[in-house]
Amino acid sequence: MTRIRRRGAAQLLRDGGQTPPRAPRTSREEPRSSTGQRINRPRAPRRGRARAGHGWSPVEAPMTVYQATTSEIGGLFPLLAANGIPAVGARIGYDTLSGSAFYAHPIEWVLRGLATNPNMVVFGEPGRGKSSTVVAFLLRMMLFGTKTLISGDVKGEYSPLLRALGITPIALGSGSPARLNALDLGPLARWWESWSIERQREELDGLLARWVKLLVALAEAQGYVPTVTDEAVLARVLRRLLGVADGTTRLRPVTIPDVQRELADPDEQLWRETRFADRRQFLDTLRPITDALANLVTGPLAGLFDEPTNFDLDWQAPIQSMDLSGLRGRGDQAVAVALTCLGSWSSMITDLQDDGEIRIVVRDEVWRQMRLGSKAVQAVDSDLRLSRAEQKIQVLVGHKPSDFLSVGSAGSQEVAIAKDLLALCSTRILFGQSTRVADELAEDFALSDKESEVTTGWCMERTGRALWKLENTPGYKVQTVLSRTEKTAFDTNAQLRGAGEG
Ligand SMILES: Nc1ncnc2c1ncn2[C@@H]1O[C@H](COP(=O)(O)OP(=O)(O)O)[C@@H](O)[C@H]1O
Ligand SMILES: [Mg+2]
């Protein structure tokens, strides 16, 4: 066995035919401190030694000079640090450009001037990972004590998630005994007696306004646009039914059939109070609204929203949801009406809980609600406008911007309001889209050509990829990363098979 001889670096170089460089000889002794320690000092003056072959002087480099804007120069790799989005809130995944983690906290974004409102809108083709990203967001915000309300889960996608968290979701529709009174008082009934007279009066006005709005929206869904007279009478009837007109301290439960009965069979006091000449005139004037409400009670929604609520909802739960998947058999209209009732109900509940907590309200498949008509659009509009004041993060999930515009003919007032809705959502999360829709997005959100290409190209390559566009920042290419637990608790693939819209 031959022994391997170890060779030093100098020997290696010599064996390779090179002469190893010698250590430079310095004429001077290295500077030492008084204790004999070497002091770390530059060994040459700033411009080098003034000797031939030493020193330095600038030369004209054979380079091309490029000029670019600061937003483009940000793409130069070694100069890039992070994405400028603060690392607070829900960690969603990573920003593929900088490689850093991407966090979402819309309220913090408002406070830091990155956005003007905390609302988010999520667009993308079915199956691109919209709902999953929303789930990741709300689960991770939960760590900060944020509560979530899924305002109508049309496909029943969120129910397994709720069960995984130990919460029983309320299911409405076929096979479920659950009944939800559209005119439910919610937690208000419980708190009512603890309030001062002033507070009661204030809350009552709010409640009546909300109920009238709801009934008007429901009538509109039946094809009748209520008049101001209808609204005034409805408010009067509701006040009487609640019992506040007779000065009772307790609120009586009210249902839609109660209201309809009062309108169909008014007593003398009612038609006099509402300044009708006689009972006949009252009946004739209010016939359309009376019939519209009657249709609700007997139509495809019969029995769902017109009986007293028969379950207890835990308002302190970290997430609440209403599963409407059992309603699909009753048609789109039924789902849309259910969503309107729910929207009104949930906004009352979230309004009442002014505990300073941040709340997330998710409206998945928002296009269904938009189809209902202008009142439904206005309801969403007013919720979005108030979110800043109420610490609410409204999340609208849909396929494309024109979902919002199905409310009316081009140029109509409804379409104008619906267009405004987009402006009320500072954060736009754009998942993969076809080129046709991408053009629409580019116009509505003023996307650059590059950003538009991202939505049709890069986003389409993997699920969970989206362009996160905050009002005035360039879009961030973010990949949502789901944990294994999240993937199992929220797997919509099984349900997607055979289902239409996403
Ligand atoms: N970031 C992701 N990573 C891996 N799988 C994902 C991701 N996002 C979504 N998915 C999977 O893709 C499927 C569709 O997602 P979903 O959120 O329901 O899409 P959408 O709401 O856009 O229709 C789900 O089964 C989900 O598990
Ligand atoms: Mg979805």
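The model shown is predicted, which means the values in this text are computed figures rather than measured ones.

A.B. asks: Could you give an account of the site of ligand 1, naming the residues involved and the relevant values?
C.D. replies: Near ligand 1, the surroundings consist of 17 residues, among which Gly 127, Ser 131, Ser 132, Asp 491 and Thr 492 are the closest. At 2.9 Å from an oxygen atom of ligand 1 is found a side-chain nitrogen or oxygen belonging to Lys 130. One nitrogen or oxygen atom from the side chain of Asp 491 is found 2.7 Å from an oxygen atom belonging to ligand 1. With the chains in place, 90% of the 550 Å² that ligand 1 exposes on its own is no longer accessible. Looking at the shell around ligand 1, the elements that each hand over two or more residues are helix H4 (130-141) and strand S11 (476-480). If you tally residues by element for the shell around ligand 1, the top one is H4, at three residues. Per-class residue counts for the shell around ligand 1 are two nonpolar, 10 polar and five charged.

A.B. asks: Would you mind going over the pattern of salt bridges in detail, with residue names and values included?
C.D. replies: If you walk through the whole model with that rule in mind, you get 24 salt bridges. Across the salt bridge formed by Glu 486 and Arg 140, the nearest N and O atoms sit 2.6 Å from each other. Taken as a pair, Glu 486 in helix H18 (residues 484-489) and Arg 140 in helix H4 lie far apart in primary sequence, 346 residues in all. Taken individually, Glu 486 and Arg 140 each receive the classification buried, so the pair is uniform in this respect. Between Glu 273 and Arg 236 there is a salt bridge whose closest N-O contact spans 3.5 Å. Residue Glu 273 is located in helix H10 (residues 268-273), and its partner Arg 236 is located in helix H8 (residues 228-242); the two are separated by 37 residues in the primary sequence. Its relative accessible area of 29% is what places Glu 273 among the partly exposed residues. One salt-bridge network, held together by shared partners, links Lys 147, Glu 357 and Arg 359.

What counts and how
- Residues numbered from 1 in each chain as written.
- Chains lettered and ligands numbered in written order.
- Predicted model: local features only at pLDDT ≥ 70, side-chain atom pairs only at ≥ 80, totals over all residues.
- Heavy atoms only, no water.
- Near = heavy atom within 4 Å.
- Polar contact = N/O pair within 3.5 Å; in protein donor to acceptor, adjacent residues only side chain to side chain.
- Areas by Shrake-Rupley, 256 points an atom, 1.4 Å probe, with all protein chains shown as cover.
- Helix = DSSP H or I, 4+ residues; strand = E, 2+ residues; numbered from the N terminus.
- Nonpolar A, V, L, I, M, F, W, Y, C, P; charged D, E, K, R; others polar.
- Salt bridge = Lys/Arg side-chain N within 4 Å of Asp/Glu carboxyl O.
- Buried < 20%, exposed > 50% of the residue type's maximum accessible area, 1.4 Å probe, protein only.

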